[in-house]
Amino acid sequence: MNEFRSPDGGDIDWWPLLSDPEFLEHPYPQLRRLQDLGSVHLDKASGIYFILGHRAFARVAKSTGMGRDTRQWRGGWNSDDYRANDPVGHRLFSEFQWQMINCDGDDHRRMRKVYEPAFRSQAMSAIVPLIERQTRILLDAMPESGEVDFIEAFAGPLPLRILCELFDIPAHLDEQIGAWSASLIRIGDILMTPDQKAEALAALNVFKAFLREQIRARQDADEDNLMGLAIRAYKDGTLDEDETLTNLVSMLVAGHETTVTLIGNGMLLLLRHPEEMARLRADPGLMRTAIEEFLRMEPGGNMILRVALEDFEVEGTLIPKGSPVLGLTGAINRDPARFANPDRLDVGRPANAQFTFGGGAHFCIGAPLARLEAQVAFSAVLQKYARIELAGDPQWRLDRMNARGLGRLPVRLETA
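Criteria and cut-off values
Throughout, a residue's number is its position along its own chain's written sequence, starting from 1. Where totals are concerned, whole chains, interfaces and linings use all residues; where local detail is concerned, this predicted model gives features only for residues with pLDDT of at least 70, and gives and counts side-chain atom pairs only at 80 or more. Hydrogens are left out, water is left out, and the side-chain values use all remaining heavy atoms of the structure. Helical segments are the DSSP runs of H or I of at least four residues, strand segments are the runs of E of at least two, and each set is numbered from the N terminus. Throughout, the radius of gyration refers to the C-alpha atoms, and the reference size of a globule is 2.2 Å times the residue count to the power 0.38. Working definition: with a 1.4 Å probe on protein chains only, accessible area under 20% of the residue-type maximum means buried, over 50% means exposed, and in between means partly exposed. By definition in these notes, contact holds between two residues if any of their heavy atoms fall within 4.5 Å. One bridge is not enough; two strands pair if DSSP finds at least two bridges between them. Working convention: axes come from line fits to C-alpha atoms, limited for helices to the stretch in contact. Angles between N-to-C directions cover 0 to 180 degrees. Angle categories: roughly parallel below 35 degrees, roughly antiparallel above 145, roughly perpendicular from 65 to 115, and oblique for all the rest. Should the near helix be turned counterclockwise from the far one by less than a right angle, the crossing is left-handed, whereas a clockwise turn marks it as right-handed. In this analysis, the protein atoms alone were mapped onto a 1 Å grid. Cavities are point sets where a 1.4 Å probe fits without being able to get out; pockets are open sets with protein on both sides within 12 Å along at least five of seven lines; lining residues have an atom within 4 Å of a point. Grid points are joined across faces, edges and corners, and a volume is the space filled by probe spheres set on the points. Residue polarity is assigned by list, with Asp, Glu, Lys and Arg as charged and Ala, Val, Leu, Ile, Met, Phe, Trp, Tyr, Cys and Pro as nonpolar; anything else, Gly included, falls into the polar class. Just to be clear on terms, a salt bridge is a Lys or Arg side-chain nitrogen sitting within 4 Å of an Asp or Glu carboxyl oxygen. In this description, a nonpolar core means a group of buried Ala, Val, Leu, Ile, Met, Phe, Trp, Tyr and Cys residues linked to one another through side-chain atoms lying within 4.5 Å. Here the arc refers to the set of directions running from the helix axis out to each C-beta atom.

**Student:** Which residues make up the overall build of the protein chain, and what values do they have?
**Tutor:** Of regular secondary structure, the protein chain possesses 19 helices and 12 strands. Here the C-alpha atoms of the protein chain give a radius of gyration of 21 Å, agreeing with the 22 Å that 2.2 N^0.38 yields for 416 residues. Structurally, the protein chain occupies a C-alpha span of about 60 × 55 × 35 Å along its principal axes. Taken over 416 residues, the protein chain has a buried fraction of 56%. Of all intrachain contacts in the protein chain linking residues separated by at least 6 positions in sequence, the fraction that spans at least 24 positions is 72%.

**Student:** Explain the pairing of strand β8 (residues 324-328) to me, and be specific about the residues and the numbers.
**Tutor:** If a strand is regular, its side chains alternate between the two faces of the sheet. Counting buried positions along β8 yields 5 of 5 residues, so the element is predominantly enclosed. Sheet topology places strand β2 (residues 48-51) next to β8; 3 bridges connect them, and they run parallel. Bridge pairing in β8 places tyrosine 49 opposite valine 325. One ladder, built from 5 bridges, connects strand β5 (residues 303-308) with β8; its direction is antiparallel. Residue leucine 305 lies in a different strand from β8, and its bridge partner there is leucine 326.

**Student:** Break down the packing of helix α15 (residues 241-272) against helix α19 (residues 367-384) for me, with residues and values.
**Tutor:** Two elements in contact, α15 and α19, have axes whose closest approach is 10 Å; the angle formed by their N-to-C orientations is 40 degrees. Taken together, the axes of α15 and α19 are oblique relative to one another. By crossing handedness, the relation of α15 to α19 is classed as right-handed. Across from Thr258, Thr259, Leu262, Ile263, Gly266, Met267 and Leu270 in α15, the residues of α19 making contact are Ala370, Glu373, Ala374, Ala377, Phe378 and Val381.

**Student:** A description of the sheet that holds strand β4 (residues 145-149) should follow, citing residues and the corresponding values.
**Tutor:** The antiparallel open sheet is built from 3 strands, whose spatial order is β4-β12-β9. Two strands close off the open sheet at either side, each with one partner strand: β4 and β9 (387-390). For this sheet, the mean angle separating the axes of adjacent strands, direction not counted, is 25 degrees. With 5 bridges joining them, β4 and strand β12 (residues 410-414) adopt antiparallel strand pairing. Bridge pairing in β12 places glycine 146 opposite leucine 413.

**Student:** Please provide a residue-by-residue account of the layout of surface pockets, values included.
**Tutor:** In this structure, the second largest pocket encloses a volume near 480 Å³. Elements represented by at least two residues in the lining of the second largest pocket include exactly α9 (128-141), α10 (150-155), α11 (157-166), α12 (174-184), α15 and β11 (406-408). A class-by-class count of the residues in the lining of the second largest pocket yields 10 nonpolar, 7 polar and 7 charged.

**Student:** Which residues make up the pattern of salt bridges, and what are the values?
**Tutor:** Side chains carrying opposite charge are able to pair once their charged atoms draw close together. In total, this model carries 35 salt bridges according to the counting rule given. The salt bridge partner of arginine 109 is aspartate 106, with a shortest N-O separation of 2.6 Å. Highlighted residues: arginine 109 and aspartate 106, both in helix α7 (residues 105-115), separated by 3 residues, approximately one helical turn. The salt bridge partner of arginine 279 is glutamate 276, with a shortest N-O separation of 3.1 Å. Within this pair, arginine 279 and its partner glutamate 276 are both found in helix α16 (residues 274-282), separated by 3 residues, close to a single helical turn. A relative accessible area of 31% places arginine 279 in the partly exposed class. Counted as one network, the salt bridges with shared partners bring together Arg186, Glu199, Glu257, Arg397, Asp399 and Arg400.

**Student:** Just give me the short version of the sheet that holds strand β3 (residues 66-67), but keep the residues and values in it.
**Tutor:** Taken in spatial order, the 5 strands make up an open sheet running β1-β2-β8-β5-β3, and their pairing is mixed. Both edges of this open sheet fall to β1 (40-43) and β3, since each of them pairs with a single strand only. Two elements, β1 and β2, share 4 bridges in a ladder whose sense is antiparallel. Along β2, the bridge assignment pairs aspartate 43 with isoleucine 48.

**Student:** Now, about the nonpolar core: what can you tell me, with residues and values included?
**Tutor:** Among the nonpolar cores identified, the biggest contains 98 residues, and Tyr115, Phe154, Phe207 and Ile388 are the most heavily contacted of them. If you tally residues by element for this core, the top one is α15, at 13 residues. Those residues within four positions of phenylalanine 207 in sequence are excluded, and the remaining contacts are Ile177, Trp180, Leu184, Val249, Leu252 and Val253. In terms of nonpolar packing, the next biggest core, distinct from the first, is built from 20 residues, Trp14, Phe50, Trp73 and Ala331 among them.

**Student:** Outline α7, listing residues and values.
**Tutor:** Every buried residue belonging to α7 is among His108, Met111, Arg112, Val114 and Tyr115, and all of these are buried. Buried residues of α7, viewed axially, fall in a sector of 145 degrees; they line one side. Turned more than 90 degrees from where α7 packs its buried face, Asp106, Arg109 and Lys113 sit exposed. Looking at the packing, one finds that the buried side of α7 touches α14 (226-235) and α15.

**Student:** Kindly report on unusual backbone geometry, identifying the contributing residues and their values.
**Tutor:** Negative phi values dominate among residues other than glycine, just as trans dominates among peptide bonds. Of note, isoleucine 190 is a non-glycine position whose phi angle comes to about 70 degrees, a positive value. Structurally, isoleucine 190 is set in the loop between α12 and α13 (194-218). The phi dihedral of asparagine 341 is positive, around 45 degrees, even though this residue is not glycine. One can find asparagine 341 in the loop between α18 (329-332) and α19.

Here is the structure:
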């Protein structure tokens, strides 16, 4: 792999690195080399600061001096120049703006408060039967023995079906919602081609139209689910229409992709470390720590975005107000200054301070659901199949820079 330095041997050429297929498949050796050069790096071409150290990113993620509102990005999509030069991109980011993850302060707290009750421990306990039922349906459809693509047969459909059931969206729409999600997930790549922006904008408009009709048809139903929370907040004025629709889109997209990558990436880790799979089988009580270790070692996202709301100092580097900051999760989660033997899978690893779900005010609201789904899913798979082995080469999704997940995971299964 190239070192991705500029021709004069100076600064790192970040964007060719982050989009290189070899890096997307095997990022960790290169990330370690970059981490050894320092915890904080400035890409002078884009003005983006890259954070690779755990301690540095902990400060960034948890500080009120850093936010998530990309309108504050100096020279970013909200600037006059961007609007003039890329009207499609400006419209896409404008229409995707009004959701909790893209807002700070009072707006963020107001939106987040609408959905927080659905992710508290009591609410999570209540949906365990739903998760178990959908898990059982998919496992019953898989062979007792033979070869399957684990992503296609299980890891892909399970989270979407659970999420759609939580919103009471019919199963026959799963494929369509999955297609919209695949187009919209690329917004997290930061750099998008004109075609990708146009595709994402089209998907966003159709998705919002679908949800607008759902709200209209169900506004008097007083439902006890995530859609019901959204409709009540819209009707009482807590959320306006744009906020209601965009938050629903975001939750369906992120809630799906996050758990697909957790289940798929976690299974690949166990397949590549059969001794840890055997350890987990022998001691199911390790399931919670195993899920945290999957999140740490193979995070479902390569980058976490923040924007400096004020001049911000970290590890001796002054980040000016308005500067974008990208935490590179694969480096942060494997920082040897924070984790002993960071490249070793340990399903019993204690005090696992991974940052896959972010941190601070913008810690992923759906993290409890993703963890619960993964715990139920892995427990059921390991209980049904006495033998699980790789049946070919896994294929990483190489059409996206941020969302890190498998497009294909061929496995050989035997129940006994």
